[in-house]
Every structure is written in structure tokens, then in C-alpha cells.
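# Structure assessment
So you can see what is in the structure, the chains are spelled out below.
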Amino acid sequence: MKSVASAPGKIILFGEHFVVYGIKAVLCSIDKRITSTSQFVDERVIRIRSSLGESEMSIDSLDNLEKVQQRFMKPFFYIAQKAIKENSTKYGIEIVLESEIPPGVGLGSSSAACVAVTASVNGLFCKLSKDEVVKIAIQAERSIFEQNSGADSSVSTFGGLVSYDLKNGFENILSKNDLSFIISNSAQAHNTQDVVRQVRKFKEENEDLFSKLCREETSIVNNAIESLKENNLNKLGSLMLKNHDLLKQIGISTEKIDLLVQEAKKTSYGAKITGAGGGGCVISLVDNSNSKDTLDNLRKISDCFVTKIDYNGLRYS
Ligand code: MEV
């Protein structure tokens, strides 16, 4: 028996990093997915196979997850360990991951993988609800990245265009909004946890400035939610540029990212870093009137593609 589940990647429209300190963020899931296929195997092992590598652990050594050599795989072993503890079985489990989401560039591939693996592994025993999946996926991600806000896993599980904050969780902004974004990959890989740590250091060394930036971010996010409801693309685009400027001030942009934003600004409604930064991707807001020109321009300096909002979130198949 195979248990298959898939979950989408995400982009953050407003509020990355500030969300870690309680500010509201706006994000949406995108039409690129990770699929996890789990099945029982006769050997007493957990085996994980993905395009990024393979890893295997005996079920009897699962209590020591520190032994996992490829760190990004630790959350998957955490999920399998929890499922095995809660449902007794004499079998092992093999998990195969197939991804359309480029890894390590701010598009939520790790969170989407945690969501898909949680759903597919537990689906071997008993299908979990989305609420149950998201709780386990966030715990699993926190096994390697304690400060993770939970925003990425939430939007990947439930899908759509949402706001998210640590206190209130997520809230749908609109049930249908056909926004289009161009995602340009700077090809500068980053480690989210390191960039979040770097921002914490910046905050600790610049408490007053950081508080001021948090207030500015709150105002940008509130205006952005209004602009989304009005479908005012011009206003949204200029708020994205303002948000990018705040992200520059906390030190997470790079020359390549700024170049991508400058170029995108010429034809799109607005552009900014999405996700952790320190490299990663830039999103540009477009519609039919300017999508082709923006794409042609950005393609000269980066790999890019157009994306739409995914309204499904986690899917069992
Ligand atoms: C990463 O996609 C988003 C950050 O805000 C971290 C987080 O929310 O956990 C940088």
C-alpha cells in the first residue's frame, strides 16, 4: 500500500523576518508542489529518498535523531519516529520525495516537504486532518529550526492567500484572487536558519531601529491587506518596494537581489525579496499588461517563471 500526499511551496508577499517577532505577514501558496510517497518495507528501517540524496536509519536508533547526517532530513525522521511510536507496526517505512520547488531559495520547500511527509507517513496508519498535519509539520521543522514562525507550514497546509501572525495563526484574506507573480531566482542559495540568526543579532544590536522598522512593517502590512481587498495592483506594488527597503535595512538583501528588484521595477507593479533573503528569490507583481515585458527583461539576468496562487494546500491522492 502506498500513501501519497502533496503540498505547495509559498511566497511571502509582506512581513518575512518581522513575523518571527510577532508582526503580521501576508503570504500565499504557489502552484509548485512537493509529493511524498510512503510505503511499508520489510526491513526495520526508515529510508528517505529525494533528488537531494538518500538517508536511512534503523527504527531502533530513532531515539537519537542527532545521528542524522543530512540535517535537512532530520524533520522527516522526526515525523516517521512519531508515527511509529504512536502506531505499533513491525514494518519499516520508505519515503520518496519528488519536488517541483527549487530548494533553499525562499519558496518554502522545507515546509512543504514536512507537510507532505507528515500527511503521507501518517496516512499509512490513519489519515490526519489538516489541523493535525500542520501541528506535527511545525514541530518537525522546529527540530532543526527552533525560531521558525510556522507561517510557511500553515500556508502550505491550508493554501490560498492568507495573513499569519504568531498569536492568531492564519486568516484567509480573499478566497479567490487571481494575482500573478514572476519569481526570479538569484541562484544564491541561503540557509534560512542562518539568515534568521543574523537578523536576531541585528535586532539585539539595534533595538530602537528594529522597533521602528517593526512599526513601519505593520503599517505596510495593514495597507497591503486593504489593497489586496481592493485589487489595487499599483498600490500593492509600491508597498512591495517599501517592504524591500525595510528588508535591505535589516541586512538581508544582496547586490544580485537589488539588481533583480531594480530591473523588475521598470515594468512590473513592484518587486521585493521573498522569504529569508541572503540570496534566494525576488517576486514581481504582474498582470497580462506587463508580464511578458517583465519576464523578457528578468530572463536576461536570472532564471524565472510565472506563478499563480494555489488554493488547495495539502492534497491526498
Ligand atoms: C522564511 O520563509 C520566513 C522567515 O520569516 C522565517 C519564519 O517565518 O520562520 C524568514
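Below: a short report on this structure. (Residues numbered from 1 in each chain as written. Predicted model: local features only at pLDDT ≥ 70, side-chain atom pairs only at ≥ 80, totals over all residues. Heavy atoms only, no water.)

## Regarding the overall build of the protein
Definition in use: Elements are defined by DSSP. Helices are runs of H or I of four residues or more, strands are runs of E of two residues or more, and each kind is numbered from the N terminus. Here the term buried applies to any residue with accessible area under 20% of the maximum for its type, exposed to any over 50%, and partly exposed to those in between, with areas from a 1.4 Å probe on protein chains only. Only the protein chains shown count as cover for residues, with accessible areas throughout obtained via the Shrake-Rupley method and a probe of 1.4 Å.
Scanning the protein from terminus to terminus reveals nine helices and 12 strands. Judged by the C-alpha coordinates and their principal axes, the protein covers about 60 × 45 × 35 Å. A buried classification covers 58% of the 317 residues belonging to the protein. Accessible surface, the protein as shown: approximately 13,600 Å² in total, 46% of it carbon and sulfur.

## Things to note about the pairing of strand 4 (residues 53–58)
For clarity, the threshold we go by: One requirement defines pairing of two strands: DSSP has to find at least two bridges between them.
Judged by which residues are buried, strand 4 turns out to be one-sided: Gly-53, Ser-55 and Met-57 face inward and are buried, whereas Glu-54, Glu-56 and Ser-58, on the alternate face, are not. Relative to strand 4, strand 3 (residues 45–50) is paired through six bridges, and the arrangement is antiparallel. Residue pairing in the sheet places Arg-47 in a bridge with Glu-56 of strand 4. Following strand 3, the chain reverses through two residues before pairing antiparallel with strand 4.

## Considerations on the packing of aromatic side chains
The line we're drawing: Paired rings are identified among Phe, Tyr and Trp, the last through its six-membered ring, by centres lying within 6.5 Å, and are further divided according to the angle between planes into stacked (under 30 degrees), edge-to-face (over 60) and tilted (the rest).
Enumeration according to the criterion identifies six aromatic pairs in this entry. With 4.5 Å between their ring centres and 20° between their planes, Phe-158 and Phe-170 make a pair best called stacked. Highlighted residues: Phe-158 in helix 4 (residues 151–158) and Phe-170 in strand 7 (residues 169–174), separated in sequence by 12 residues. Accessibility expressed as a relative area gives 29% for Phe-170, which makes it partly exposed.

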